[in-house]
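Results of the structural survey
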Amino acid sequence: MPLVLTLLDDVRWRGARVIGERAQSLLALLAMHGRSGATDEQLVEGLWGAQPPANPTKALQVVVSRTRAATCPDALVRTPRGYRLGLPAEEVDALRLATLVARARAALGEGEIAEARRHADDAVGLAANGLATAVG
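First, a word on what this report is: a plain description of the structure on this page. Please read these numbers as outputs of a predicted model, since none were measured by experiment.

Moving on, we get to helix α4 (residues 93–109). An ideal rise of 1.5 Å per residue puts 24 Å on 17 residues; α4 measures up with 24 Å between its terminal C-alpha atoms. Here α4 has its buried residues at Asp93, Leu97, Leu100, Ala104 and Ala107. Across the axial projection of α4, the buried residues extend over an arc of 95 degrees, all falling on one side. The exposed set on the far side of α4, more than 90 degrees from its buried face, consists of Arg105 and Gly109.

What follows is the structure, encoded as structure tokens:
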């Protein structure tokens, strides 16, 4: 499955750089929170820290709208208490990396050395590709 969202080197959507620090931060925050997503409060805290805007709900809606415009309408999904990424983990480089590392650890724990090495090699390749893109 091809990568759609890249976070490891520079925040990119289908290869194009996502413009805007808050849009980039929002995508990274949602990736960190996985399938359960993040609450509005967590996102406001993550985006503005100790100095939230006067109307945090409206400000968050603006960032979400701009991020959807930079990606696609389904990239961010509204949940009852906040938002989550609307992408499978395999389409987000940082999440794919975490999955590969977990698979390598599990295989190693089961004594499946060849399988563990395959997953670890895939993880290293994915991370190295992100670093090469960032440097190049």
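On to the sheet that holds strand β2 (residues 12–13). In space, the three strands of this open sheet follow the order β1-β2-β3, with antiparallel pairing throughout. With partners counted over all chains shown, the strands left at the sheet margins are β1 (5–6) and β3 (16–17), one partner each. Bridge analysis of β2 against β3 gives two bridges, and the strand direction is antiparallel. Opposite Arg12, over in β3, you have Arg17 as the bridge partner.

What follows is about the pairing of strand β6 (residues 82–85). With two bridges joining them, strand β4 (residues 38–39) and β6 adopt antiparallel strand pairing. Pairing of Ala38 across the sheet is with Tyr83, part of β6. As defined by bridge partners, strand β5 (residues 76–78) adjoins β6 across three bridges and the pair is classed as antiparallel. Within β6, the residue paired with Val77 across the bridge is Arg84.

Conventions used here
- Residues numbered from 1 in each chain as written.
- Predicted model: local features only at pLDDT ≥ 70, side-chain atom pairs only at ≥ 80, totals over all residues.
- Heavy atoms only, no water.
- Helix = DSSP H or I, 4+ residues; strand = E, 2+ residues; numbered from the N terminus.
- Expected span 1.5 Å × (residues − 1).
- Buried < 20%, exposed > 50% of the residue type's maximum accessible area, 1.4 Å probe, protein only.
- Arc of directions from axis to C-beta.
- Pairing = 2+ DSSP bridges.

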